[in-house]
Amino acid sequence: MSLNVGSPSSGERNFECIEPDLGAQTLLIDDPATDSELKSRLTHHVAHCADCRLRVALARDMAAGLRSGLLQAPEDGTPAWVRWTGGLGGLALAASLALVFLLPPSPPGSGRIQRGADDPHVTAPVADSVIRDRTPVLRWTPVDRATGYRVSVREVGGGFVWEAETSTPEIGLPAAAVLPPSSRLRVDVEPVPGHLVRGGRLQSSFRTGSWDEYLPFRFGAAPRVVLAGALAGLAGLVVGLFGLMRGRP
Amino acid sequence: MSRTNIHLDPEILLADAEAYRGGDVEAGERLATALRPLLSETVESFMGRDDADRDDVVQDSTMATLSYLNGSEPFRGNPAKLAVTIARNRCRDLHRWRRIRPGTEITGMADWLASGDSSPLDEILESERLELVRRTFSFLSESCRGLLRDFYVKGHSTETLRRRLGLSTVQGVYYRRAVCLDEAKTFLQSLLHARSQGGRVGGNTSGSPVRKG
């Protein structure tokens, strides 16, 4: 084996440990739990090893400096504002995601300003929405003086048809009338008598879809304020996680 | 960096070291004789052949090697490598010391040096030391500073620290402390080196250390 005996390059100007296996344990020299035999060996090692002497001296000086208040350490590895930002961000994100799915989707044009009351219309499923429930409850705004409603659901370009009558402004599809998957469907609600609404009927359409279609629709149809909350929460969570990662030794 | 052509059989050196540890003075002399050429070559390559302190450093390194080999437990490594490492560390230390305190004339300071009281020099060294430790500590990442604070000031048990850090074993806590202190040690040595060169460390014009993380 040949040994390096030459003068050090710029990267080698630091001390070297003379017995690295033992040197790796030198900080245990000040640990009360270290047994006397190991402590004796470490004391002998440190007395001869400039590298370990420097490490132990540094540890002792830092301990003394911290205890005397000469050295100031942050109260926690992660600043409080980072922890708060991360925590609140996580909460905001979770709450926003819950609201995306709990609140009914906004129908198209729901943000527009108009005078007077809405014309009667189908309220559920929301017009042009995507739903996962294959036996949904259909709802519409009550029509003044109507004594009943004839309701039908038809698959656009398909064979599915379901018809029923009801006296209330809502009706659930029975289990026997499961909607076809991934289909476009049209709802017609005819009040009785028919002349009570313009065109004689209320119309709407919706689609049954897979998760791939449903999720983008729900996010797209969520109220803007909820989406803004989700984005702000996500940003807070990222800041918090980044702070935590930086806080790790 | 040069490599030596001097070959010393570690088995023979270890056998002599063990005999020396057992009280065989002649084995110690054999060791010293065997190691001296290697140490001379090492010290010369650092300090040059004509350096006035060369022989002293070789002698000190030889004695330090023998002293280390005479410890309570048998040495299990390569005594030649041990001797070379000791000599290289001594050369580094001397080189740095000469740069920081070049050619101090001490003849006229004999009375003052003989005094056992704390001297102005001691105070200067102490304040420099505190400043170096302070700069080194501020270089560490917040997490390292927090860990050392928890370790040395708050007196948390290693089990508590293990849970706080999310580690599976307490050895991991000791390992992290060692990593932090090794970072500090490396930075401190770069500070000392820069100081001995009359320069700065950290790469900025103010000379302030560049904080980690």
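Residues numbered from 1 in each chain as written. Chains lettered and ligands numbered in written order. Predicted model: local features only at pLDDT ≥ 70, side-chain atom pairs only at ≥ 80, totals over all residues. Heavy atoms only, no water.

A. Molecular detail of the nonpolar core. Core analysis: the biggest nonpolar cluster contains 35 residues, and L35, V43 and L82 of chain B have the highest contact counts within it. Of all elements in the fold, only helix 2 (36–48) and helix 3 (50–68) of chain A together with helix 1 (10–21), helix 2 (25–47), helix 3 (54–69) and helix 4 (79–100) of chain B reach the threshold of two or more residues within this core. Dropping the residues within four chain positions of it, L35 of chain B is found in contact with L8, L13, T65, P79, A80 and A83 of chain B. Counting residues in each nonpolar core, the second largest holds 32 residues, with M62 of chain A together with F137, C144 and L181 of chain B among its members. (Core = buried A, V, L, I, M, F, W, Y, C linked by side-chain atoms within 4.5 Å. Buried < 20%, exposed > 50% of the residue type's maximum accessible area, 1.4 Å probe, protein only. Helix = DSSP H or I, 4+ residues; strand = E, 2+ residues; numbered from the N terminus. Contact = heavy atoms within 4.5 Å.)

B. Spotlight on the packing of aromatic side chains. All names here are of chain B. Inspection of every chain in the model, using the stated rule, returns seven aromatic pairs over all chains. For the ring pair F151 and Y152, a centre distance of 5.7 Å and an interplane angle of 55 degrees mean the geometry is tilted. Through pairs of rings, three or more aromatic residues link up here, namely F151, Y152 and Y174. (Phe/Tyr/Trp six-rings, centres within 6.5 Å; stacked < 30°, edge-to-face > 60°.)

C. Structural view of a nonpolar patch on the surface. Residue and element names in this part refer to chain A. On the surface, L97, F101, W211, L215 and F219 cluster together into a nonpolar patch covering about 420 Å² of accessible area. If you list the elements that add at least two residues to the nonpolar patch, you get helix 4 (80–102) and helix 5 (211–221). For L97, a relative accessible area of 33% corresponds to the partly exposed category. (Patch = residues over 30% accessible without salt bridge, like charges linked within 9 Å, V, L, I, M, F, W, Y side chains within 5 Å. Areas by Shrake-Rupley, 256 points an atom, 1.4 Å probe, with all protein chains shown as cover. Salt bridge = Lys/Arg side-chain N within 4 Å of Asp/Glu carboxyl O.)

D. Summary view of the pattern of salt bridges. Residues and elements named next belong to chain B. Tallied over the entire structure, the rule returns 26 salt bridges over all chains. The partner of R134 in a salt bridge is E131, and the shortest N-O contact between them spans 2.8 Å. With R134 and E131 both in helix 6 (residues 120–139) and three residues apart, the pair spans about one turn of that helix. Accessibility expressed as a relative area gives 37% for R134, which makes it partly exposed. In this structure E131 comes out as partly exposed when scored by relative accessible area, which is 35%.

E. Quick peek at the environment of T123 of chain A. Relative to the helices and strands, T123 of chain A resides in strand 1 (residues 122–124). Taking the C-alpha atoms as reference points, T123 of chain A and W140 of chain A, separated by 17 residues in sequence, lie 4.8 Å from one another.

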